[in-house]
Amino acid sequence: MIKGNVNIDAKICKGCELCIIACPQDALALSSHFNDKGYRYVELIYNVCTGCTNCALVCPEAAITVYRQAKPAKKEKVSTE
Amino acid sequence: MSEKLYLEEPEVELEEVYCRPTEALYDIPFHYCPGCGHSVVHRLLMEVVEELGIQEETIGVAPVGCSVFAYHYMNVDMQEAAHGRASAVATGIKRVLPDKYVFTYQGDGDLAAIGTAETIHTVNRGENILMVFINNGIYGMTGGQMAPTTLPGQVTSTSPYGRDVSMVGAPLKMTELIANLPGAYYVTRQSVHNPNAVRKLKKALTKSFQYQKLKKGTCFVEVVSNCPSGWKMTPVESIKYIEEYMFPLYPVGDIKVPKE
């Protein structure tokens, strides 16, 4: 499985939960903590992120940065190793 | 299971595939309510501007409404227009500086109510600008009053028993109206309710900016958006409301595409 990761800026997250319903892996959830503005922010709870960028696309606050493993590694075209 | 896999695998190099536009969008939090579609469109517009490398050549016109402070977030040249007159201001800018990319960003209270005349005449003249129209069916900034685009039967603060079509008329479908005008070059209706819709909207915005080079006419992009605060819903409920009630009246898709 392709591995990815997300970095959610808890300071600007408003906890609208749109990324939670957009995530195909159900890897996101609301935190039990609050940020400075008083919103419950979203965090990654399972390490199953595939880096599909769905959450970042629907995020109204543009708070999400998505990382994914490099392309040559996931395809078997490059068989040097 | 996947957790176990993760532990067994050696550390994999992760590369950044998506991040907030750094150049064209200022690094300050949006003032919009949680879940509002406005900020998605702000971000997409600036992403497109950044990817096309036209940040220095782009001039935006901000409307009156929730997005009145669009110039606080967009790091391009911006001009504030009087209520509803964004397309008239953009006409002036485009005529003086024909090589710049000019776009207006308006909501439904601005474009479809007070600015109907300006909008229709701008498209009729075929000005080479991009008009972005955010349709959330309500006057968001002033407290959720009924707009021309409000759905029949929709409860707002000025239609507490639902919109009565026999008294105030049917919803105004601005995009279909504009597609009939000869000056319109590319007319489309998109949405921001799920990731795929956002991808399609980005493509539509990219195309609209590219068409400006051809000087063939007005590009008009309507975005069916949500207003969780005005609709008195949670953001997730408002997304379901868009799918259930907005789409039958405002179907998503291209309405007028260039013949080629």
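If you're wondering where the values come from, they're calculated on a predicted model, not measured in any experiment.

Criteria and thresholds
Position labels on residues start from 1 in each chain and follow its written sequence. The order in which chains are written sets their letters, starting at A; the order in which ligands are written sets their numbers, starting at 1. Under the rules for a predicted model, residues below a pLDDT of 70 receive no local features and side-chain atom pairs below 80 are neither given nor counted, while totals for whole chains, interfaces and linings still include all residues. Calculated side-chain values reflect all of the structure's heavy atoms, with hydrogen atoms and water omitted. By nonpolar core we mean a set of buried residues, namely Ala, Val, Leu, Ile, Met, Phe, Trp, Tyr and Cys, connected to one another through side-chain atoms within 4.5 Å. Only protein chains enter the area calculation, which uses a 1.4 Å probe; residues under 20% of their type maximum are buried, those over 50% are exposed, and those in between are partly exposed. To qualify as a helix, a DSSP run of H or I must reach at least 4 residues; to qualify as a strand, a run of E must reach at least 2; elements of each kind are numbered from the N terminus. The rule is short: rings of Phe, Tyr and Trp, with Trp giving its six-membered ring, pair when the centres are within 6.5 Å, and they are stacked under 30 degrees, edge-to-face over 60, tilted in between. Each patch is built from residues that are more than 30% exposed by relative accessible area and take part in no salt bridge. Like charges join if they lie within 9 Å; nonpolar side chains (Val, Leu, Ile, Met, Phe, Trp, Tyr) join within 5 Å. The method behind every accessible area is Shrake-Rupley, applied with a 1.4 Å probe, and residues are considered shielded solely by the protein chains displayed. Criterion for a salt bridge: a side-chain nitrogen of Lys or Arg within 4 Å of a carboxyl oxygen of Asp or Glu. As used throughout, the charge tally considers Lys and Arg to be positive and Asp and Glu to be negative, leaving His and the chain termini uncounted. Each charge is placed at NZ for Lys, CZ for Arg, CG for Asp and CD for Glu. pLDDT is a residue-level measure of predictor confidence that goes from 0 to 100. Note on definitions: a residue-residue contact is assigned when non-hydrogen atoms from the two residues lie within 4.5 Å. We define buried area as the total accessible area lost by two parts upon association, computed with a 1.4 Å probe and summed across both. Polar contact is the term for a pair of N or O atoms within 3.5 Å; when the atoms are in protein, one must be able to donate a hydrogen and the other to accept it, and sequence-neighboring residues count only if both atoms are side-chain atoms. Put simply, Ala, Val, Leu, Ile, Met, Phe, Trp, Tyr, Cys and Pro go in the nonpolar bin, Asp, Glu, Lys and Arg in the charged bin, and everything else, Gly too, in the polar bin. Paired strands, in this sense, are two strands between which DSSP finds at least two bridges. Only the stretch in contact is used when a helix axis is fitted, and all axes are lines through C-alpha atoms; the angle between N-to-C directions ranges over 0 to 180 degrees.

**Student:** Kindly report on the nonpolar core, identifying the contributing residues and their values.
**Tutor:** The biggest cluster of nonpolar side chains holds 63 residues, and the ones touching the most others in it are B:Leu45 and B:Phe103. For this core, the element with the most residues is helix H2 (residues 37-52) of chain B, which contributes seven residues.

**Student:** So what about the packing of aromatic side chains? Which residues, and what values?
**Tutor:** Residue and element names in this part refer to chain B. According to the stated counting rule, one finds eleven aromatic pairs over all chains in the structure shown. For the ring pair phenylalanine 69 and tyrosine 71, a centre distance of 6.2 Å and an interplane angle of 90° mean the geometry is edge-to-face. By relative accessible area, phenylalanine 69 is classed as partly exposed at 36%. Among the aromatic residues, those joined into a ring-pair cluster are Phe30, Tyr32 and Tyr73.

**Student:** Report on a positive patch on the surface, specifying residues and quantitative values.
**Tutor:** Taken together, the side chains of B:Arg199, B:Lys200, B:Lys203 and B:Lys207 define a basic patch exposed on the protein surface. Here B:Lys207 is to be found in helix H9 (residues 195-211).

**Student:** Can you break down the pattern of salt bridges residue by residue, with the values?
**Tutor:** Residues and elements named next belong to chain B. In the structure shown here, the tally under the stated rule is ten salt bridges over all chains. For glutamate 51, the salt bridge goes to lysine 202, with nearest N and O atoms at 2.9 Å. Of this pair, glutamate 51 sits in helix H2 while lysine 202 sits in helix H9; the two residues are 151 residues apart in sequence, bridging distant segments of the chain. Judged by relative accessible area, which is 18%, lysine 202 ranks as buried. A salt bridge links glutamate 127 to arginine 125; the nearest nitrogen and oxygen atoms lie 2.9 Å apart.

**Student:** Before we move on, could you go through the confidence of the model for chain B and cite the residues and values that matter?
**Tutor:** Of all residues in chain B, 96% attain a pLDDT of 70 or more, and the chain-wide mean is 92. As scored by the predictor, the complex reaches a pTM of 0.91 and an ipTM of 0.85.

**Student:** I'd like a description of the interface of chain A and chain B, backed by residues and values.
**Tutor:** Between chain A and chain B, the contact holds 33 residues from the first and 31 residues from the second. Here chain A and chain B share an interface that buries about 2800 Å² over both sides, 64% of which is from carbon and sulfur atoms. At the boundary of chain A with chain B, the tally comes to zero salt bridges. Our count for the chain A to chain B interface comes out at twelve residue pairs in polar contact (both at pLDDT 80 or more). Here the element with the most residues in the side of chain A that touches chain B is strand E4 (residues 64-69) of chain A; it accounts for six residues. A per-class count over the side of chain A that touches chain B returns 18 nonpolar, eight polar and seven charged. Here four bridges tie E4(A) to strand E1 (residues 14-18) of chain B, and the two strands are oriented antiparallel to one another. Bridged to A:Val66 within E1(B) is B:Tyr18.

**Student:** Mind laying out the pairing of strand E1 (residues 4-8) of chain A, listing which residues take part and the relevant values?
**Tutor:** Each regular strand displays side chains that alternate between the two surfaces of the sheet. All names here are of chain A. Going residue by residue along E1, you find Gly4, Val6 and Ile8 tucked away on one face and Asn5 and Asn7 left uncovered on the opposite face. Here five bridges tie E1 to E4, and the two strands are oriented antiparallel to one another. Within E4, the residue paired with valine 6 across the bridge is valine 66.

**Student:** Pulling in residues and values, what's your account of the sheet that holds E1(B)?
**Tutor:** If you walk across this open sheet you meet the three strands as E1(A)-E4(A)-E1(B), and the pairing is antiparallel. At either margin of the open sheet sits one strand with a lone partner, and together these are E1 of chain A together with E1 of chain B. Each strand of the sheet is rotated relative to its neighbour by a mean of 30°, with strand direction disregarded.

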